[in-house]
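# Inside the fold
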Amino acid sequence: MRSLRRAWRIGRVLLRYRLDDLLDGTPAERWLRLARPFVPRASGAIAAQPRGARLRLALQELGPIFVKFGQILSTRRDLMPPDVADELSLLQDRVAPFDGDAARAIVEHALGRPVAEAFARFDTEPLASASIAQVHAAQLHDGREVVVKVLRPRIASQIRADIALLTALAALVERTHPNADKIRPRAVVAEIENTLAAELDLQREGANASVLRRFWAGSDDLYVPEVIWSHTTDRVLTLERVHGIPSDDIEALDAAGIDRHALAAKGVRVFYTQVFRDNFFHADAHAGNIWVDSDPARRANPRFIALDFGIVGQLSDEDQYYLAENFMAIFNRDYRRIAELHVQAGWMPPHTRIDELEAAARAVCEPYFTRPLSEISLAEVLVKLFRTAQRYELTLQPQLILLQKTLLNIEGVGRLLDPKLDIWAVARPVLERILVERYSPQRLAAEFRRRLPELVTHAPQMPRLLHAWLEQQVDGRHRTQIVSRELAELVRAIRETQRRTVGAILGTGLLVVAAVLYGLEAGPRLGPAPAWSWIAALGGGWALLAAWPRGRGRR
Ligand SMILES: Nc1ncnc2c1ncn2[C@@H]1O[C@H](COP(=O)(O)OP(=O)(O)OP(=O)(O)O)[C@@H](O)[C@H]1O
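Every chain is numbered independently, its residues counted from 1 as its sequence is written. Given that this is a predicted model, residues contribute local features only at a pLDDT of at least 70 and side-chain atom pairs are listed and counted only at 80 or more, while totals for whole chains, interfaces and linings are drawn from all residues. The basis for every side-chain value is the complete set of non-hydrogen atoms in the structure, without hydrogens or water.

### Describing the pairing of strand 9 (residues 290–293)
Two strands pair when backbone bridges link them, and strand 7 (residues 244–246) and strand 9 are joined in this way by 3 bridges, in the antiparallel orientation. Among the inter-strand pairings, G244 is bridged to a residue of strand 9, identified as D293. Summarising the sheet, strand 9 and strand 10 (residues 304–306) pair through 3 bridges and their orientation is antiparallel. Residue pairing across strands places V292 opposite F304, the latter belonging to strand 10. Strands were regarded as paired on the criterion that DSSP finds at least two bridges between them. Counting from the N terminus, the helices are DSSP H or I runs at least four residues long and the strands are E runs at least two residues long.

### Quick word on the packing of aromatic side chains
When two rings of Phe, Tyr or Trp (its six-membered ring) have centres within 6.5 Å they constitute a pair, described as stacked for plane angles under 30 degrees, edge-to-face for angles over 60, and tilted for the intermediate range. Scanning the model with the defined rule gives 9 aromatic pairs in all. Cation placement over rings: the criterion is NZ of Lys or CZ of Arg within 6 Å of the ring centroid and within 35° of the ring normal. It is R277 that lies over the ring of W216; its NZ or CZ is 5.0 Å from the centre.

### Some words on the UniProt feature "binding site: ATP" (unreviewed entry) in the protein
Summarizing the sequence annotation, UniProt attributes the feature "binding site: ATP" (unreviewed entry) to L127, A128, S129, A130, S131, I132, A133, Q134, V135 and K149 in the numbering used throughout. Across 23 residues of sequence, these annotated residues stay compact in space, with a maximum C-alpha separation of 14.3 Å. You can see L127 is positioned in the loop between strand 1 (121–122) and strand 2 (128–129). Exposure categories follow from relative accessible area, calculated using a 1.4 Å probe and restricted to protein chains: below 20% of the type maximum is buried, above 50% is exposed, and the middle band is partly exposed. For L127, a relative accessible area of 47% corresponds to the partly exposed category. Turning to its location among the elements, A128 is positioned in strand 2. Residue classification places A128 among the partly exposed residues on the basis of a relative accessible area of 28%. Beyond its immediate sequence surroundings of up to four residues, A128 is in contact with Q134 and V135. UniProt positions are given in the numbering used here, feature names are shortened, and annotations may be inferred rather than shown by experiment. The contact rule is simple, with two residues in contact once any of their heavy atoms fall within 4.5 Å.

### A short note on a nonpolar patch on the surface
There is a patch of nonpolar side chains on the surface, built from F448, L452, L455 and V456 and spanning about 370 Å² of accessible area. Locating L455 in the fold gives a position in helix 21 (residues 441–458). Note on patches: the residues involved have over 30% relative accessible area and no salt bridge, like charges join within 9 Å, and the nonpolar side chains Val, Leu, Ile, Met, Phe, Trp and Tyr join within 5 Å. To be clear on the numbers: accessible area is Shrake-Rupley with a 1.4 Å probe, and residue cover counts the displayed protein chains and nothing else. When a carboxyl oxygen of Asp or Glu lies within 4 Å of a side-chain nitrogen of Lys or Arg, that pair is called a salt bridge.

### Quick word on the packing of helix 16 (residues 335–344) against helix 17 (residues 354–365)
Interaxial angles span 0 to 180 degrees and are taken between N-to-C directions of axes, which are lines fitted to C-alpha atoms, for helices over the stretch in contact. Where helix 16 meets helix 17, the closest approach of the two axes is 8 Å, and the angle between their N-to-C directions is 120°. The orientation of helix 16 with respect to helix 17, classified from their angle, is oblique. Relative to helix 17, the crossing made by helix 16 is right-handed. Two secondary-structure elements touch here, helix 16 through Y335, R336, I338, A339, E340, H342 and V343 and helix 17 through I354, D355, L357, E358, A361, R362 and C365. Gly counts as polar in this scheme, as do all residues outside two lists: the nonpolar Ala, Val, Leu, Ile, Met, Phe, Trp, Tyr, Cys and Pro, and the charged Asp, Glu, Lys and Arg. Among the residues forming the contact of helix 16 with helix 17, the class breakdown is 8 nonpolar, 1 polar and 5 charged. Working definition: roughly parallel below 35 degrees, roughly antiparallel above 145 degrees, roughly perpendicular at 65 to 115 degrees, and oblique for all remaining angles. Less than a right angle of anticlockwise turn of the near helix away from the far helix marks a crossing as left-handed, whereas a clockwise turn marks it as right-handed.

As structure tokens, then:
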């Protein structure tokens, strides 16, 4: 009953914002037309807005989970038309805070001790409040300032209910929408469910922060706050409190005298290092989650601070390698290589025609190169390339989509900080250096050394394993010989059966022909048989004799 009410509410909101237009031309249109008289329509001002803006407003009205849904959709530029994706990316995840006392109760329950025992101070008024969690400032008993991220009450069950509805809606769209195979609505909802599930587990977010912090320990480029594990569970995350300026607050950055030019180039470097050195990248890198350290001592050599570690990306070894090579091929405008790499990486089916894909890649990329390199967005080229490849059945792994989205964000932040930022000039040497280091003999030797203990552990078992393997091979060949003998027998038996069947049919047929000829020629008087009748009868007799079982066939 509750989900019916919720479905009705969603339907009403969608109709009110005239989003039923999006379903015009599909079978759903008929049903929506029936429901229209019962729903007040949007004001003229809203109706005049473009479809993307109407969708954004409707999602905002539907609440936090739909806002999250819209934000995730905005990153799927491979699925969304650009106008809709641009609008959805404006969705703000700021929602009314929940009661601070409720937050205290959740913290007490999660940590298993009173708030006063766990913290010297806990601010009931939240610092920030988003759709899934809200953040409170606090102080530990040792004097350290921290922030405590607390999951919203009942958020998990709300998400479950809304996801169930979205799944039902996706199934409907999949059945009715003409472009369902391209949009793959159910796969999109499944991806959203995964992302939300990851964000619902704060212990996991804490673990992500810890790993990232380890990779960037002592760095002048990126700082990651420390996780206070003694005050962290799956519903409560306690982090060292940091102070900084959001990277899109240009006025504040200028007022603090920060060298934006140096900062912008650092952003691009940090991204490539995360992806290709560490294979562990912060994948929710919008300006609100990337701050700039406001410490005055760091003005000339500013560094970023990362926040919000709910979503991180990792590529498989193969994807990482092929992606790096793909970037290099884009830098070199080597379209043949781009096409080959897409197929070798397994992103495209092996039967793809390389020359066709090469021509398509050239058609997509060449127009970009008429502009100065400093104006070109590498992320955009990548999006266009993947889109083109999708026409040839590209199956993009979610991790690659995440990467593409992160690159878009990073370039966006970089260009905001320094509109003249030449992304290619910064990115190319960084990537080259990382690749040289990654595949250098020293690195390969180090990798071998790392695996040495594993090899040494297994070494004593090697002779026995080798012996067992050889034995299996010999036994296998022996068994193969037996099997081949049996197969030969079977083939002989089939041939024999065929011979007898053909003989029997032919023999009987010829005897019938002989009898008919004899009947026709000799007539009712039954005189001597005509020559043709004799020939047919003899042939029939021979065929029957040939079909007679002989030798082993008689058994
Ligand atoms: N370590 C920290 N130190 C200081 N402030 C913090 C810290 N962590 C988070 N905050 C504040 O809390 C806000 C929300 O934090 P966070 O982004 O982790 O939460 P969220 O629920 O995932 O929000 P969103 O979905 O908007 O990204 C941040 O924008 C920042 O203002």
